[in-house]
Amino acid sequence: MIDALPVNEFEAKRVQTRVVMKIVLCTFLALVAAVGLSSGAVSIELFELFGGTASELERTVFNQIRGPRVLLAGFVGMALALAGAVLQGLFRNPLADPSLIGVSSGAALGAIAMIVLGAALNIPEFIQPYSLPIAAVAGAISVTLFLYYFSIRFGEFSILTIILVGIAVNALAATTTSGIELTLYPKTGMGDGQQANNPWLQEFPDPLTRTTWDNYLTVSEFDAKELGFYLETSTF
C-alpha cells in the first residue's frame, strides 16, 4: 500500500524542486555565457577584463563582438522559451510549436514580401538594416491576430478553431514561401578568377564538370525541368 503525502508536504517538495532547478539552470547559463565570452580566436581572461588589466584588443572584442552576441543569444533563447511555453500552455500539449498554427509561415511570408517588395517601398536608410526582421515579426503578429479574431467571431473562444484555421493558414503561406533556395559560393579549387595569372596558385577546373572559373550554375535534372531550364543531354 502506497502512503500518500500530505498536501502541504507535497507542495513544499514541489517548491523545493523548482528552486533547485532554477539554481541549476542559472548556474549553467552563467557557465555557458562565460565560455562564450572568453573563447574564440582571441582568448579573453574574464578576471583580467573585469579587473581592468586586459589589453585594448581584448576590450574591443568584448565590447563590440562577443558581449553583444552573447547578450543577444540570451534574449533570443528567452523569447523562444516564452513563446513555446505560451503555445504549449494554450493548447495543453507539450509538443505544440508556432508552426502548428501558421505563425512561423506568417513570419516567413512577411520576410519574403520584404525581400521582394522592399526596394519599391522607399524605406528610410536607417531602418533598412532592420526591415527584414521587422517584416517577419509583423507577419507573425498578423497571423496571430487573424487567428484570435477569427476564433472569437462566433462569441466563443475555441482552441479547435485556432488549430484548424492555423493549419489552413500554414498551408496557404507554405505555397507562397516554398521553392528553391539558391546559395552562391566560390569553389575552393576553382576560386573566382582573381588569381588566374598567379603561377604559384593555379586554379584548376572542376574535376566533375571540367568547368573553369566563370559564372555558371549546376542544378539537378529534376529541378531543371521544374524551372524550365532543362536542356537536352549533351555528351562531351
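Just above sits the structure.
In every chain, residue numbers begin from 1 and rise along the written sequence. With the structure being a predicted model, the display of local features is reserved for residues of pLDDT at least 70 and the display and counting of side-chain atom pairs for 80 or more, all residues being used for whole-chain, interface and lining totals. Side-chain measures here rest on the full set of heavy atoms in the structure, leaving out hydrogens and waters.

Peer 1: Could you give me a rundown of the nonpolar core, with the residues and numbers involved?
Peer 2: Only buried residues count toward a nonpolar core, which is a set of Ala, Val, Leu, Ile, Met, Phe, Trp, Tyr and Cys residues joined through side-chain atoms within 4.5 Å. Burial classification: accessible surface area is computed with a 1.4 Å probe over protein chains only, and a residue below 20% of its type maximum counts as buried, one above 50% as exposed, and the rest as partly exposed. If you look at the biggest cluster of nonpolar residues, it comprises 14 residues, and the most contacted ones within it are Phe91, Ile101, Leu147, Ile162 and Val169. A helix here means a DSSP run of H or I that spans at least four residues, while a strand means a run of E at least two residues long, and both kinds are numbered starting from the N terminus. Mapped by element, the contributors of at least two residues to this core are helix H3 (56–91), helix H4 (103–117), helix H5 (131–151) and helix H6 (159–177). No other element matches the four residues that H5 contributes to this core. In what follows, residue pairs with any heavy atoms lying within 4.5 Å of each other are defined as contacts. Contact partners of Val169, with chain neighbours within four places excluded, come to Val143, Phe146 and Leu147. Formed by seven residues, the second largest nonpolar core is a distinct cluster that contains Ile44, Leu46, Val61 and Phe62.

Peer 1: Describe the side chain of Arg66, listing the residues and the values that go with them.
Peer 2: Positionally, Arg66 belongs in helix H3. When charges are tallied, Lys and Arg are placed among the positive residues and Asp and Glu among the negative ones, while His and the ends of the chain are skipped. Between Lys or Arg on one side and Asp or Glu on the other, a salt bridge is scored when a side-chain nitrogen of the former is within 4 Å of a carboxyl oxygen of the latter. We note that Arg66 is buried and unpaired, the nearest opposite charge coming from Glu58 at a distance of 8.2 Å. Contacts described as polar in this section are N or O atom pairs within 3.5 Å, which, within protein, must combine one atom able to donate a hydrogen with one able to accept it, while residues neighboring in sequence count only if both atoms come from side chains. Side-chain polar atoms of Arg66 contact the backbone oxygen of Ser39, separated by 3.3 Å. Setting aside residues no more than four positions away along its own chain, Arg66 makes contact with Gly36, Leu37, Ser38, Ser39, Gly40, Ala41, Val42, Ser43, Ile44 and Val61.

Peer 1: For the packing of aromatic side chains, give the residues involved together with the corresponding values.
Peer 2: Pairing of aromatic rings covers Phe, Tyr and Trp, the last counted by its six-membered ring, and requires centre-to-centre distances within 6.5 Å; plane angles under 30 degrees mean stacked, over 60 mean edge-to-face, and any other angle means tilted. Inspection of the entire model under this criterion finds three aromatic pairs. For the ring pair Phe50 and Phe62, a centre distance of 6.1 Å and an interplane angle of 85° mean the geometry is edge-to-face. In this pair, Phe50 is assigned in helix H2 (residues 46–51) and Phe62 in helix H3, connecting sequence segments twelve residues apart. Accessibility expressed as a relative area gives 16% for Phe62, which makes it buried. Between Tyr148 and Tyr149 the ring centres are 5.4 Å apart and the planes differ by 70°, which places this aromatic pair in the edge-to-face class. Taking relative accessible area as the criterion, Tyr148 reaches 41% and is therefore assigned partly exposed. Classification of Tyr149 by relative accessible area gives exposed; the value is 54%.

Peer 1: So what about H4? Which residues, and what values?
Peer 2: How far a helix is expected to stretch is found by multiplying one less than its residue total by 1.5 Å. Look at H4: 21 Å from first C-alpha to last across 15 residues, which is about the 21 Å you get at 1.5 Å a residue. All buried positions along H4 are accounted for by Val103, Ser105, Gly106, Ala107, Gly110, Ala111 and Met114.

Peer 1: Go over the pattern of salt bridges, please, and point to the residues and values.
Peer 2: Oppositely charged side chains can pair when the atoms bearing their charge come close. Following the criterion strictly, the structure yields one salt bridge and no others. The residue Glu56 makes a salt bridge to Arg59 at a minimum N-O spacing of 2.6 Å. In this pair, Glu56 and Arg59 are both assigned in helix H3, three residues apart and thus about one turn of the helix distant. Its relative accessible area of 52% is what places Glu56 among the exposed residues. Under the relative-accessibility criterion, Arg59 is labelled partly exposed at 31%.

Peer 1: Before we move on, can you summarise unusual backbone geometry with the specific residues and values?
Peer 2: At Arg92, a residue that is not glycine, the phi angle is positive and equals roughly 55°. As for its placement among the helices and strands, Arg92 is situated in the loop between H3 and H4. Judged by relative accessible area, Arg92 falls into the exposed class, the value being 70%.

Peer 1: Break down the side chain of Glu58 for me, citing the residues and quoting the values.
Peer 2: Mapped onto the secondary structure, Glu58 falls in helix H3. Arg59 provides the closest opposite charge to the buried, unpaired Glu58, separated from it by 7.2 Å. In contact with Glu58, not counting residues within four places along its chain, are Val42, Ser43, Ile44 and Glu48.

Peer 1: Go over the packing of H4 against H5 with me, naming the residues and quoting the values.
Peer 2: Helix axes are fitted only over the stretch in contact, all axes being lines through C-alpha atoms; the angle between N-to-C directions runs from 0 to 180 degrees. Between H4 and H5, the least distance of the axes is 7 Å, while the angle of their chain directions is 140°. In terms of orientation, H4 lies oblique with respect to H5. Crossing of H4 over H5 shows right-handed handedness. Where H4 approaches H5, its residues Val103, Gly106, Ala107, Gly110, Ala111, Met114 and Ile115 are matched on the opposing element by Ser131, Leu132, Ala135, Ala136, Gly139, Ala140, Val143 and Thr144. Residue polarity follows a fixed list, in which Ala, Val, Leu, Ile, Met, Phe, Trp, Tyr, Cys and Pro are nonpolar, Asp, Glu, Lys and Arg are charged, and the others, Gly among them, are polar. In the contact of H4 with H5, the residues fall into ten nonpolar, five polar and no charged. Any angle from 65 to 115 degrees is called roughly perpendicular, while one under 35 is roughly parallel, one over 145 is roughly antiparallel, and all others are oblique. Two helices that cross are described as forming a left-handed crossing if the nearer one is turned anticlockwise from the farther one by less than a right angle, and a right-handed crossing if clockwise.

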